[in-house]
Amino acid sequence: MFFMNNEFTIEKTKVSDAEGIYDVFHLVWLDTYPRVQEDEKYNITVEDIEERYVDRKGMVKSRVKILNISRLMLKKNRGL
């Protein structure tokens, strides 16, 4: 577990944020779903989550590509 101070700034995401975002997703899944298993609602194990995030770099690369395409489409649609 890690702790951060209570100060934060909200900014638009940057392509360089993608890896950190996936790290947060990974940690949230690890902290949430195996605990829910007690009532067997989801039955997701730590191993399931680790398997999902094993190719994080590939996931980040794909997401960065999608972000770049989305930004280009938004600029085009806005006439920028």
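Residues numbered from 1 in each chain as written. Predicted model: local features only at pLDDT ≥ 70, side-chain atom pairs only at ≥ 80, totals over all residues. Heavy atoms only, no water.

A. Region of the structure containing the overall build of the chain. For the chain, the helix and strand inventory stands at 3 helices and 0 strands. Starting at the N terminus, the α and β elements of the chain follow one another as α-α-α. Looking at the 80 residues of the chain, the share that counts as buried comes to 12%. Accessible surface, the chain: about 7,300 Å² in total, of which carbon and sulfur atoms supply 56%. (Helix = DSSP H or I, 4+ residues; strand = E, 2+ residues; numbered from the N terminus. Buried < 20%, exposed > 50% of the residue type's maximum accessible area, 1.4 Å probe, protein only. Areas by Shrake-Rupley, 256 points an atom, 1.4 Å probe, with all protein chains shown as cover.)

B. Representation of the packing of aromatic side chains. Under the counting rule described, the total for this entry stands at 2 aromatic pairs. Ring geometry for Tyr22 versus Phe25: centroids 5.5 Å apart, planes at 85°, classification edge-to-face. Here Phe25 and Tyr22 lie together in helix 1 (residues 18-36), a separation of 3 residues that amounts to about one turn. What makes Phe25 partly exposed here is its relative accessible area of 41%. With a centroid separation of 4.5 Å and 45° between ring planes, the pair formed by Trp29 and Tyr33 is classed as tilted. Within this pair, Trp29 and its partner Tyr33 are both found in helix 1, separated by 4 residues, close to a single helical turn. Judged by its relative accessible area of 23%, Tyr33 is partly exposed. (Phe/Tyr/Trp six-rings, centres within 6.5 Å; stacked < 30°, edge-to-face > 60°.)

C. Highlighting the pattern of salt bridges. On inspection of all chains with the given rule, the structure shows 1 salt bridge. Linking Lys14 and Glu11 is a salt bridge whose minimum nitrogen-to-oxygen distance equals 3.7 Å. Judged by its relative accessible area of 54%, Glu11 is exposed. (Salt bridge = Lys/Arg side-chain N within 4 Å of Asp/Glu carboxyl O.)

D. The side chain of His26, seen in detail. On the secondary structure map, His26 appears in helix 1. By relative accessible area, which is 16% here, His26 ends up buried. Discounting chain neighbours no more than four positions away, the residues touching His26 are Ile49, Glu50 and Tyr53. (Contact = heavy atoms within 4.5 Å.)

Keep in mind that these numbers describe shape and distance, not what the molecule does.
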